[in-house]
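Structural characterization, general
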Amino acid sequence: MSKKILLLAGAAALLAAAGAAFLASGSSGPRVFREDYLYSVVRGDLRYDFDPAWRNETLSRRGEDGIWRPLEKPDPAAMDELRAVLLREGKFESLEKIPEEGKEERDSLKGLGYL
């Protein structure tokens with residue numbers, strides 16, 4: 001009986017240590033958020049953005065200096081994975097179902113000759 005208790009106590013200690021390490025690392029999974037009209041997902045040093053006005057997607061990597069830089073040749077698997085997180089968390093069936101927010105501002109900038 002005491003061996004079982006020791007094994008259970010050891011397993012509990014391992015789980016507690018693993019949980020503390022996980023929390024300390026700040027890795028709680030992908031973070032989904034919006035900045036103005038832009039929908040974003042951040043996982044580690046990758047950032048996926050979807051602009052509903054222009055209907056385009058961008059995959060960026062954070063440099064050592066903390067600045068996000070768009071990737072010239074984004075990894076399709078990473079793009080698919082982060083897009084899926086956005087759709088699931090935002091409860092959208094597809095990117096096409098995300099409303100075209102910001103279109104008026106885009107059209108105004110075009111009309112003024114800025115774009």
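Preceding block: the structure.
Description of the structure in this document.

1. Points about the nonpolar core
Counting 15 residues, the largest nonpolar core has Tyr48, Phe50, Leu59, Leu86, Leu95 and Ile98 as the members making the most contacts within it. Elements with a minimum of two residues in this core: strand 2 (38–43), strand 3 (46–51) and helix 2 (76–90). The leading source of residues in this core is helix 2, at six residues. Excluding anything up to four places from it in sequence, Leu95 contacts Tyr48, Phe50, Arg55, Glu57, Arg83, Leu86 and Leu87.

2. Here's the deal with the side chain of Asp49
Relative to the elements of secondary structure, Asp49 occurs in strand 3. Asp49 gets classed as buried once you look at its relative accessible area, which sits at 10%. Asp49 has contacts with Leu38, Tyr39, Ser40, Asn56, Glu57 and Thr58, leaving out every residue within four places of it along the chain.

3. Some thoughts on the pairing of strand 3
Among the six residues of strand 3, five are classified as buried, and the element is accordingly described as predominantly covered. Remark: two residues form the turn of the hairpin made by strand 2 and strand 3, two consecutive strands paired antiparallel; Gly44 in that turn has positive phi of roughly 60°. As paired strands, strand 3 and strand 4 (residues 56–62) are joined by six bridges and run antiparallel to one another. Paired with Arg47 across the strands is Ser60, a residue of strand 4. Connecting the antiparallel pair strand 3 and strand 4 is a turn made up of four residues, with Arg55 showing a positive phi of about 60°.

4. What about the side chain of Ser60?
Summarising the element assignment, Ser60 is placed in strand 4. Each residue touching Ser60, except ones within four places of it in the same chain, is listed here: Asp45, Leu46, Arg47, Trp68, Arg69, Pro70 and Leu71.

5. Remarks on the pattern of salt bridges
One pass over the structure, following the stated rule, counts eight salt bridges. Residue Arg43 is joined to Glu81 by a salt bridge in which the shortest nitrogen-to-oxygen separation is 2.6 Å. Of this pair, Arg43 sits in strand 2 while Glu81 sits in helix 2, and the two are 38 residues apart along the sequence. Assessed through its relative accessible area of 28%, Arg43 is described here as partly exposed.

6. Describing a nonpolar patch on the surface
A surface patch of nonpolar side chains, about 370 Å² in accessible area, is lined by Leu109, Leu112 and Tyr114. With respect to the helices and strands, the residue Leu109 is situated in helix 3 (residues 103–111).

What counts, and at which threshold
Residues numbered from 1 in each chain as written. Predicted model: local features only at pLDDT ≥ 70, side-chain atom pairs only at ≥ 80, totals over all residues. Heavy atoms only, no water. Core = buried A, V, L, I, M, F, W, Y, C linked by side-chain atoms within 4.5 Å. Buried < 20%, exposed > 50% of the residue type's maximum accessible area, 1.4 Å probe, protein only. Helix = DSSP H or I, 4+ residues; strand = E, 2+ residues; numbered from the N terminus. Contact = heavy atoms within 4.5 Å. Pairing = 2+ DSSP bridges. Salt bridge = Lys/Arg side-chain N within 4 Å of Asp/Glu carboxyl O. Patch = residues over 30% accessible without salt bridge, like charges linked within 9 Å, V, L, I, M, F, W, Y side chains within 5 Å. Areas by Shrake-Rupley, 256 points an atom, 1.4 Å probe, with all protein chains shown as cover.

Read these as geometric descriptors, not functional statements.
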